[in-house]
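Observations on the model geometry
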Amino acid sequence: VHFTRNPWCLSFDGTNDLVDCDTAATDLAILATGRVQAGIFVNATGTGVRTIFSLSDANTETAFWLSISATHKLTASLVIAGVVQWTVTLDEALTLNGWVHAKIVHNGVEPKLFIDNDAPAQAFSVSTNKAAWLADLTGIDTCNIGALDYNSAGNALFFKGKIDYLYVYSPSSDIIAKLA
């Protein structure tokens, strides 16, 4: 799957743009398996970590986020009560200024990242509990596209680029959320 330019996609400036999906936060935090996927266009002028999607407790160190690292690699992390459960990152940087389909799938055992439906080489920098997923997060009250808000820090790590067709899905439930 290769995404092409969609004139109705969400465009983020990397400064303060985000989509607040907080009303979906508690529904999504019950998923024991599933995937988060989106079409993304990563702008080459973006710097630092850029969040594609996050689900978190705004007041504690509990969160899941899918992001682009400062070195332009797709990465995802899950933190519970200040303890990083896992962080997985692709070995290779993404192509900048082009559309890709980014996805993380959790099968109940461990997460795996995909680009354009291929699972390229990736590594865990933290693997405390790779089985942890969204249902393990407690106190979830924040859901954002394009930013991360947790641990009373306010919105941060803004995405620069475009996001389209963002879905959160679980085969173990009837929840399919198209958030963008």
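Residues numbered from 1 in each chain as written. Predicted model: local features only at pLDDT ≥ 70, side-chain atom pairs only at ≥ 80, totals over all residues. Heavy atoms only, no water.

**Quick look at the overall build of the chain**
Put simply, the test is: Numbering of helices and strands runs from the N terminus; a helix is a DSSP stretch of H or I covering at least four residues, while a strand is a stretch of E covering at least two. With the radius of gyration taken over C-alpha atoms, the globule rule is written as 2.2 Å times the number of residues to the power 0.38. For every residue, the accessible area obtained with a 1.4 Å probe (protein chains only) is divided by the maximum for its type, and the residue is called buried under 20%, exposed over 50%, and partly exposed between those limits. We score Asp and Glu as negative and Lys and Arg as positive, and we do not count His or the chain ends. For this purpose, a charge sits on NZ of Lys, CZ of Arg, CG of Asp or CD of Glu.
On a plain count of helices and strands, the chain comes out with one helix and 15 strands. For 180 residues, the compact-globule estimate of 2.2 N^0.38 gives 16 Å, and the C-alpha radius of gyration of the chain, at 15 Å, lies within 12% of that figure. Structurally, the chain occupies a C-alpha span of about 35 × 30 × 30 Å along its principal axes. Counting only residues that meet the buried cut, the chain has 49% of its 180 residues in that class. Looking at charge distribution, the chain has the averaged site of its 10 positive side-chain charges lying 10 Å from that of its 17 negative ones.

**Some remarks on the side chain of T62**
Operational definition: In protein, a polar contact means a hydrogen-donor-capable atom and an acceptor-capable atom, both N or O and within 3.5 Å, with residues adjacent in sequence counting only if both atoms are side-chain atoms; elsewhere, any N or O pair within 3.5 Å suffices. Working rule for contacts: check all heavy atoms of both residues, and any pair within 4.5 Å makes them a contact.
Along the chain, the position of T62 falls in the loop between β4 (50-56) and β5 (63-68). Among the polar contacts listed, one links the side chain of T62 to the backbone nitrogen of A81, at a separation of 3.0 Å. When residues no more than four places from it in sequence are discounted, the contact partners of T62 are S56, D57, V79, I80, A81, L137, T138, I140 and Y150.

**Things to note about the nonpolar core**
Rules: Within this scheme, the nonpolar core is defined by two criteria: the residues are buried Ala, Val, Leu, Ile, Met, Phe, Trp, Tyr or Cys, and they are joined through side-chain atoms within 4.5 Å.
Membership of the largest hydrophobic core comes to 41 residues, with the highest contact counts inside it found for I40, I52, F53, F64 and L74. Setting aside anything within four residues of it in sequence, one finds I40 in contact with I52, I68, L94, G98, W99, V100, A102, F159, K162 and I163. Within the second largest apolar cluster, five residues are counted, among which are A63, V79, L148 and Y150.

**Focus: the pattern of salt bridges**
A side chain of one charge can pair with a side chain of the opposite charge if their charged atoms are brought near each other. Quick reminder of the rule: Each salt bridge in this description consists of a side-chain nitrogen of Lys or Arg and a carboxyl oxygen of Asp or Glu lying within 4 Å of one another.
By the definition in use, this model includes one salt bridge. Ionic pairing is found between K130 and E110, a salt bridge with its closest N-O pair at 3.0 Å. Note that K130 is positioned in the loop between β10 (122-126) and β11 (142-145) and E110 in the loop between β8 (99-106) and β9 (111-115), a separation of 20 residues in sequence. For K130, a relative accessible area of 28% puts it in the partly exposed group.

**Remarks on the state of the cysteines**
Threshold: By definition, disulfides here are pairs of cysteine sulfur atoms that lie within 2.5 Å.
Tallying each qualifying case throughout the model produces zero disulfides. No disulfide involves C9; its sulfur sits 15 Å from that of C21, the nearest cysteine. Among the residues examined, C9 registers a relative accessible area of 16% and is labelled buried.

**A word on the pairing of β5**
For clarity, the cut-off: For two strands to be treated as a pair, DSSP must find no fewer than two bridges joining them.
For β5, the tally of buried residues reaches six of six residues, placing the bulk of the element in the interior. Covered by surrounding structure in β5 are A63, W65 and S67 together with F64, L66 and I68, the residues of both alternating faces. Note: β4 against β5, six bridges, orientation antiparallel. Its bridge partner being in β5, S56 is matched across the sheet by A63. Between the antiparallel neighbours β4 and β5 lie six residues. Between β5 and strand β6 (residues 74-80), which pair antiparallel and follow one another directly, the connecting turn spans five residues, one of which, H72, has a positive phi of 70°.

**Topic: the sheet that holds β6**
Sheet architecture is open: seven strands sit in the order β2-β11-β4-β5-β6-β7-β10, paired in antiparallel fashion. Edge strands, defined here as strands with exactly one partner in the open sheet, are β2 (19-20) and β10.

**Remarks on the packing of aromatic side chains**
Each pair of aromatic rings is reported with the distance of its centres and the angle of its planes. As a reminder of what qualifies: For Phe, Tyr and Trp, where Trp contributes only its six-membered ring, two rings pair if their centres lie within 6.5 Å, and the inter-plane angle classes them as stacked under 30 degrees, edge-to-face over 60, or tilted in between.
Under the defined criterion, the tally for this structure stands at seven aromatic pairs. Residues F53 and F64 carry aromatic rings whose centres are separated by 6.4 Å and whose planes lie at 55° to one another, so their mutual orientation is tilted. Here F53, found in strand β4, pairs with F64, found in strand β5; they are eleven residues apart in sequence, far enough to count as distant. A single burial state applies to F53 and to F64, both of which are buried. Ring centres 6.4 Å apart and planes at 15° place the aromatic pair W86 and W133 in the stacked group.

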